[in-house]
Amino acid sequence: MLDAARCVVVRDLLVAWRRRSDVATALLFFVIVASLFPLGIGAEPNLLRAIAPGVIWVAALLSSMLSLSRLFSADHADGTLEQMLLGAAPLGVIAAAKAFAHWLVSGLPLALIAPLIALQYDLPSSLYGVLALSLLLGTPVLSLLGAIGAALTLGLRGGGVLLSLLVLPLYVPVLIMGAGSLEMAAAGMGGQGQLLLLGAMLVVAAAFAPWAISAALRISSE
Amino acid sequence: MKWFWYASPQTFFPLAGTIARWCGAAAGVLAAIGLYIGFFVAPTDAQQGEAYRIIFIHVPASWMSMFIYVVMAGWAALGLAFNTRLSGMMAQALAPTGALFTFVALWTGSLWGRPTWGTWWVWGDARLMSELILLFLYFGFMALQAAIDDPRRADRASALLAIVGVVNIPIIYYSVQWFNTLHQGASVSFTRAPSMAATMFAGMIVMAFAFWMYSIAVALVRVRCIIRERG
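Quick notes on the rules
Residues numbered from 1 in each chain as written. Chains lettered and ligands numbered in written order. Predicted model: local features only at pLDDT ≥ 70, side-chain atom pairs only at ≥ 80, totals over all residues. Helix = DSSP H or I, 4+ residues; strand = E, 2+ residues; numbered from the N terminus. Rg over C-alpha atoms; globule rule 2.2 N^0.38 Å. Buried ≥ 20, exposed ≤ 12 C-beta atoms within 10 Å, placed from the backbone. Contact = placed C-beta atoms within 7 Å. Expected span 1.5 Å × (residues − 1). Bend = angle between axes of the 7 residues up to and from the residue. Axes fitted to C-alpha atoms, helices over the stretch in contact; angles between N-to-C directions. Parallel < 35°, antiparallel > 145°, perpendicular 65-115°, else oblique. Nonpolar A, V, L, I, M, F, W, Y, C, P; charged D, E, K, R; others polar. Left-handed = near helix turned anticlockwise from the far one by under 90°.

A. Structural view of the overall build of chain A. Broken down by element type, chain A carries nine helices and zero strands. Ordering the α and β elements of chain A from the N terminus gives α-α-α-α-α-α-α-α-α. Taken against the 2.2 N^0.38 rule, which gives 17 Å for 222 residues, the C-alpha radius of gyration of chain A at 18 Å falls within 12% of a compact globule. Each principal axis of the C-alpha atoms in chain A carries an extent, and together these give about 55 × 30 × 30 Å. Taken over 222 residues, chain A has a buried fraction of 47%. When contacts within chain A are restricted to residue pairs at least 6 apart in sequence, long-range pairs at least 24 apart make up 79% of them.

So, in structure tokens, the structure goes:
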């Protein structure tokens, strides 16, 4: 069981490494979106400092969603997915492994690069830790929830736009808690409450989302 | 009891027509009574004047908007569990009515907010925000249903989405409420609990039943169309 999970993760990472530009695109998208806000809103430092948590989190949300449509589509096209459905390894484990690989490729780099954006927005350096931690806890939830949407929209026309309509409303709690943790920490009250709630969401999503993803995969490929 | 007798679209089709007619008539009568109570019997509110009377549309509509989503998810779960064709059709038929009530609740809420709070829209209110997200969830459900050509796959996929949505609604609600307490700027408190006059309450309940009957009638008419469409 764990062999199957490790196998899927290693394979997905290898595929991602062979197509490095895809990974870089999502990361660049995050940086560009975050850089567009000051151009649209103005360079007033206090305003930028106030909106930075929300901007970074919304950009992370969009960037993580951007790569979702590729999560199962290649496997679906070349028949790998059918082999996974037929194989002996439980589908939920494979689904969780795919979501984990997606997070390693799309969520983890965001958490690493976000302090750089925070620097541009002139956030106090004491917040970098909270920012990275909130992204580390929040982006796996995005990958898990998004994988449900990706599995449901597998092989549909206009899948990408539809995917965003399905997934974005479900992302709202993560956005509120993620940006909220930063705002609380910035206000000097510590963001532990929100970080703990993000952790709770991660636990719940990790427990139930793989089941929903595998049900969706079975529906989409019958 | 033959629970599954009416699970077949053929046997359900005439029954749906009969129920829809009765419920439609009941909806008309109840709405007339409810609106009469609302406009002529219920007293004018001491603080809000006549503007409060939109409550007779607003509150039943928002009740229905949430309740229909739960019913829809219930049908969806039934459809996944028993693999009955009719359940998916019922879920599909309920979605537009639910979305309509959600929209009506938002719209009347904003009409009510203008004279009483002085603004059309407040980002800080948990109920407003969750109602808006509920509308997006309805749209997602309908969009997924419409994007899949095979009706059986469409039913099953949107059923799963509805179940994921219904699990998420409480989480969304509480996180939005948290967001609300975080941004302490909310200038208006919506959690006032007025001692409501009995006639006001009666009008609201009658209107809620009218909306129930309307929803049942419209959903059944729509399910008849879906049965015909799918042959």
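Still more to cover.
B. Geometry of helix α3 (residues 85–117) of chain B. Residues and elements named next belong to chain B. Between its first and last C-alpha, α3 extends 47 Å over 33 residues, near the 48 Å set by a 1.5 Å rise per residue. Along α3, the largest kink reaches about 25° and is centred on Ala95; proline Pro96 follows within four residues of it. Downstream of α3 by one or two residues, Gly118 has phi in the positive range, about 80°.

C. Examining the packing of helix α7 (residues 128–152) of chain A against helix α8 (residues 159–186) of chain A more closely. Residue and element names in this part refer to chain A. Between α7 and α8, the least distance of the axes is 9 Å, while the angle of their chain directions is 170°. Judged by the inter-axis angle, α7 sits roughly antiparallel to α8. Residues Val130, Leu131, Ser134, Gly138, Val141, Leu142, Leu145, Gly146, Gly149, Ala150 and Leu152 of α7 lie in contact with α8, whose contacting residues are Leu163, Leu166, Val167, Leu170, Tyr171, Val174, Met177, Gly178, Ser181, Leu182 and Ala185. Residues of the contact of α7 with α8, tallied by class, amount to 16 nonpolar, six polar and no charged.

D. Focus on the interface of chain A and chain B. With 21 residues of chain A at the contact, the number on the chain B side is 23 residues. Mapped by element, the contributors of at least two residues to the side of chain A that touches chain B are α7, α8 and α9 (192–220) of chain A. Residue classes in the side of chain A that touches chain B are distributed as 16 nonpolar, three polar and two charged.

E. Representation of the packing of helix α1 (residues 2–18) of chain A against helix α6 (residues 91–120) of chain A in the model. Residues and elements named next belong to chain A. Packing of α1 against α6 leaves a shortest axis separation of 8 Å and a crossing angle of 35°. α1 and α6 meet at a crossing whose hand is right-handed. Only Val93, Ile94, Ala96, Ala97, Lys98, Phe100, Ala101, Leu104 and Val105 of α6 make contact with α1, whose side of the interface consists of Ala4, Ala5, Val8, Val9, Asp12, Leu13 and Ala16.

F. Structural view of unusual backbone geometry. Here Asp122 of chain A, not a glycine, exhibits a phi torsion of approximately 60°, which is positive. In this fold, Asp122 of chain A is placed in the loop between α6 and α7. Asp122 of chain A sits in the exposed class, given 11 other C-beta atoms within 10 Å. Located in the positive-phi region is Asn83 of chain B, a residue other than glycine, with phi close to 60°. Counting through the fold element by element, Asn83 of chain B comes out in the loop between α2 (55–82) and α3.

None of this, on its own, says anything about what the molecule does.
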